[in-house]
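# Descriptive structure summary
Each chain is listed here by its residues.
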Amino acid sequence: MLDRLEVSAGTVEEDFRLAMRQLAAGISIVTAGDDKERGGFTATSVISLSVDPPRLLVSVDNRSKTWPLLQSNKGFSVNLLAHDQAHLAEVFAGRTQAHGSDRFAGAAWRRYPGAGFALEGAIASVHCVLEEAIERHGHVLVIGRVLASTTAPAPALIHWDRSFHKLGS
């Protein structure tokens, strides 16, 4: 139980942003598209919605250039990043000059037909078919029906307080 309620002088939005910086989260790259056109983005808003049946939920900014690819291809892949893949998180977050398909350069990717691209070296890749999309507050909550998953043991990359950290040994 909290002894006291701390109230700052900031706005609700500013205070919420500060609070969410304290929520450690795994880093994923969500991919969609096909051999002609592909895209992806860095995400921390990925959750296991259900194990039975297997479902995944991803929050997508509705202005993302990947969102139309996900819609048209009806599928996507979520790649959970290993601790040594922070540079890819930066690229897919738009913090470099790379855009669209150029973001995939410098890493090995395998296409999963109808469900985006799997990143070699990711600690897990989950391939999904778009089951439902719910638009709310500038984002789309995408529910994916899981087609397949792969894992590769390695320490995870997490994001906490505006920086990347290694989780595990």
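This text follows the structure it describes.
Okay, so let's go over this structure. Remember, predicted model here, so these are calculated numbers, not experimental data. (Residues numbered from 1 in each chain as written. Predicted model: local features only at pLDDT ≥ 70, side-chain atom pairs only at ≥ 80, totals over all residues. Heavy atoms only, no water.)

### A short note on helix H2 (residues 66–73)
Where H2 is concerned, the buried positions are Thr-66, Trp-67, Leu-69 and Leu-70. Buried residues in H2, looked at end-on, bunch into an arc of 165°, giving them a common side. Summarising the contacts, the buried residues of H2 are in contact with strand E2 (28–33), strand E3 (38–43), strand E5 (54–61), strand E6 (75–80), strand E9 (124–136) and strand E10 (139–151). Positive backbone phi, at 60°, marks Lys-74, one or two positions downstream of H2. (Buried < 20%, exposed > 50% of the residue type's maximum accessible area, 1.4 Å probe, protein only. Helix = DSSP H or I, 4+ residues; strand = E, 2+ residues; numbered from the N terminus. Arc of directions from axis to C-beta. Contact = heavy atoms within 4.5 Å.)

### Description of the pairing of E6
Counting buried positions over the 6 residues of E6 gives 5, a clear majority of the element. Sheet topology places E2 next to E6; 4 bridges connect them, and they run antiparallel. Within E6, the residue paired with Thr-31 across the bridge is Ser-77. The pairing of E6 with E9 spans 6 bridges and is classified as antiparallel. (Pairing = 2+ DSSP bridges.)

### Quick look at the sheet that holds strand E11 (residues 156–160)
Pairing in this open sheet of 3 strands is antiparallel, and the strands run E1-E11-E12 from one edge to the other. On the outer flanks of this sheet lie strand E1 (25–26) and strand E12 (163–167), each paired with one strand and no other.

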